[in-house]
Amino acid sequence: MKKVQITETVLRDANQSLMATRLPYADYEDILPVMDKAGYYSVECWGGATFDSCLRYLNEDPWERLRNLRKNLPNCRLQMLLRGQNLLGYKHYHDDVVEKFIEFSIKNGIDVIRIFDALNDFRNIKTALEATQKYATDKTIASGCISYTQSPVHTVDKYIEMCKELKSMGFQTICLKDMAGTMTPYEAEHLIKGIKDAVGDMPLILHTHSTTGMAYMTLTKAIDAGIDVIDTATSCFSGGTSQPATETMFYALQQYGIDSGLDEEAINKVNDYFKPIKQKYVDNGQLNPKSMATDAQALVYKVPGGMLSNMIANLKDMNALDKFDDALKEIPEVRKDLGYPPLVTPLSQMVGNQAVTNVLVGERYKNISKEVKNYIKGEYGIAPAPVSEELINKVLGEGGKPVDCRDEDVKRTGAEFEDAKKALGDLARSEEDLMSYICFPDQAKKFFEYRKAKEENEAVYTIEEM
Ligand code: CO
């Protein structure tokens, strides 16, 4: 029987896409034993923005959350999303930090590490892969992930080359990550057939979003073309900027005669559990119903929906909403000049802001943001296509030299751990605490202080009780 397995995203991507990752662990702990037996390929539950959100907004220790997930999901695969050399942040970390982060992730319970680089510069995911292999248990899976985008240089052949490279690097599975939800059904069909012909023995995963309304059709074609795993979210947390619905795909696959491995009763129980939780966040405004709607505009401009709403907000702030159409038309120009970067964080914001600046100033690249300058210097990695010569000259100037994002400084062992120990003193209780501080210093310190104060209060309270 043909098989297509399901990764459930409610705890990570659906949570991140629909409600800015504000779902606290306590909200879903009780359903974890059911999820553990639902038959998912994996549960995506950690990484992405969850780490930052735990410290910044939820006063949770992200490592403790992971250990609790492991405890209550002892059998199913726990999956995380990792931004290669950037880990879960926005800068390039030293190799020893990347290695330790992966060591701790596996030690605290992660099985599947999905690793990507915004520019598909695979030098930026190599250290993470090697660390995963070094600390792997027999359940660990290193998944190489491609940021999918559409441009004149992103051809089917180019994607096939990328897949071959991921395979030769030693990844065990390959994921196509369509963060904007702009992959159309026939693109999926051609792409997946091509990839399957080239690296057919490697499991292929499709990650898409319902943003533009394409996702169900795209998944259908992907299934016809031989996809092995698809990402979905329990139905009350599906749709819009989130993934297509788990149960919907379950019933469709069942009728197709394809085995998803899912337990019908369990996946329905999961959805019943999350319904009132969703309602709670709709009622308190944290889940904006707008994010659950379909917005096909992204198909016209080939940019993610979030990027458009960001641009509108920026223009509104500057009282220049009348420039929206011009700014939209400027995006493809900026993107071309920058060598067609995939429009994923942080590139989507950088391209959008530069387009707005160009239009508002009335002259292209009169003002160039610091981030775009760093990108042009090469700090983020190699662009998919050559960056405009004119821009390079403008940014680097006379005799200026490009930067290598994999230079010796990145590879060397930094003083991060020693610095973190000094900065935290007795606020740090574990090596994982040090890692949280290295990744998000201000947020981590604030959380450790909160944790300490809470414990002291509780101690006082207990003594008074006695
Ligand atoms: Co996603």
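See the structure shown above.
The structure reproduced in this document is the subject of the present report. (Residues numbered from 1 in each chain as written. Predicted model: local features only at pLDDT ≥ 70, side-chain atom pairs only at ≥ 80, totals over all residues. Heavy atoms only, no water.)

Some points on the overall build of the chain
Now for step 1: If you tally the helices and strands in the chain, you get 22 helices and eight strands.
Now for step 2: A globule of 466 residues ought to have a C-alpha radius of gyration of about 23 Å, and the chain, at 22 Å, matches this closely.
Now for step 3: In terms of principal-axis extent, the alpha carbons of the chain reach across some 70 × 60 × 50 Å.
Now for step 4: Out of the 466 residues in the chain, the part that is buried amounts to 56%.
Now for step 5: Contacts in the chain between residues far apart in sequence, at least 24 positions, make up 76% of those at least 6 positions apart. (Helix = DSSP H or I, 4+ residues; strand = E, 2+ residues; numbered from the N terminus. Rg over C-alpha atoms; globule rule 2.2 N^0.38 Å. Buried < 20%, exposed > 50% of the residue type's maximum accessible area, 1.4 Å probe, protein only. Contact = heavy atoms within 4.5 Å.)

Concerning the coordination of the cobalt ion
Now for step 1: Around the cobalt ion, the protein contributes the donor atoms D13 (OD), H207 (NE2) and H209 (NE2), which lie 2.1 Å from the metal centre.
Now for step 2: Read from N- to C-terminus, the donor residues coordinating the cobalt ion fall into the pattern D-x193-H-x1-H. Summarising the burial analysis for this pair, H207 and H209 share the class buried. (Donors = N, O, S within 2.8 Å, 3.2 Å for Na, K, Ca; no water.)

Here we look at the environment of Q79
Now for step 1: Along the polypeptide, Q79 turns up in strand β3 (residues 78–82).
Now for step 2: On a C-alpha basis, the gap between Q79 and M202 in space is 18 Å, while along the polypeptide they are 123 residues apart.
Now for step 3: In this view, Q79 contacts T7, Y41, S42, V43, E44, C45, W46, I110, V112 and R114; residues no more than four positions away in its chain are not counted.

Considerations on empty space enclosed by the protein
Now for step 1: All chains considered together, the criterion is met by three cavities of 30 Å³ or more.
Now for step 2: A class-by-class count of the residues in the lining of the largest cavity yields five nonpolar, three polar and three charged.
Now for step 3: Within this model, the second largest cavity holds a volume of roughly 50 Å³.
Now for step 4: If you go around the second largest cavity, the residues you meet are N86, H92, D117, A118, L119, P346, L347 and Y380.
Now for step 5: When the residues that make up the lining of the second largest cavity are grouped by side-chain class, the tally is five nonpolar, two polar and one charged. (1 Å grid on protein atoms, 1.4 Å probe; cavity = no way out; pocket = protein on both sides within 12 Å on 5 of 7 lines; lining within 4 Å. Points joined across faces, edges and corners; volume = space filled by probe spheres on them. Nonpolar A, V, L, I, M, F, W, Y, C, P; charged D, E, K, R; others polar.)

Things to note about unusual backbone geometry
Now for step 1: Phi at A20 takes a positive value of approximately 50°, unusual for a residue other than glycine.
Now for step 2: Residue placement: A20 occurs in the loop between α1 (10–19) and α2 (25–28).
Now for step 3: Classification of A20 as partly exposed rests on a relative accessible area of 41%.
Now for step 4: Notably, N319 is not glycine yet its phi reads approximately 55°, a positive angle.
Now for step 5: Given the relative accessible area of 72%, N319 is considered exposed.

Looking at the nonpolar core
Now for step 1: In this structure, L11, M35, W46, L69, L82, F101 and F274 are the most contacted members of the largest nonpolar core, which totals 99 residues.
Now for step 2: Once residues within four sequence positions are removed from consideration, L69 is found in contact with L11, Y25, Y28, L32, C45, W46 and L78.
Now for step 3: The next biggest cluster of nonpolar side chains, apart from the first, holds 42 residues, and it includes L119, I141, L315 and Y365. (Core = buried A, V, L, I, M, F, W, Y, C linked by side-chain atoms within 4.5 Å.)

Overview of the pattern of salt bridges
Now for step 1: Counted according to the given criterion, the structure contains 29 salt bridges.
Now for step 2: Two residues, K164 and E161, come together in a salt bridge whose shortest N-O distance is 3.9 Å. A residue pair is termed a helical-turn pair when its members lie 3 or 4 positions apart in one helix, as K164 and E161 do in helix α8 (residues 156–169) at three residues.
Now for step 3: Residue E455 pairs with R429 through a salt bridge whose shortest N-O separation is 3.0 Å. Linking E455 in helix α22 (residues 441–465) with R429 in the loop between α20 (416–424) and α21 (431–439), this pair joins segments that are 26 residues apart in sequence.
Now for step 4: Judged by its relative accessible area of 38%, E455 is partly exposed.
Now for step 5: One connected set of salt bridges, linked through shared partners, spans R12, D13 and E44. (Salt bridge = Lys/Arg side-chain N within 4 Å of Asp/Glu carboxyl O.)

Topic: the layout of surface pockets
Now for step 1: One number sums up the size of the second largest pocket: a volume of about 420 Å³.
Now for step 2: If you trace the second largest pocket, you find 19 residues lining it, with Y90, K91, H92, E379 and Y380 closest to the centre.
Now for step 3: Going through the elements one at a time, α17 (370–377) and α19 (408–411) are the ones with two or more residues in the lining of the second largest pocket.
Now for step 4: Here the lining of the second largest pocket takes three residues from α17, the largest share from any one element.
Now for step 5: Of the residues assigned to the lining of the second largest pocket, the class counts are eight nonpolar, three polar and eight charged.

Coordinates in, geometry out; function isn't part of it.
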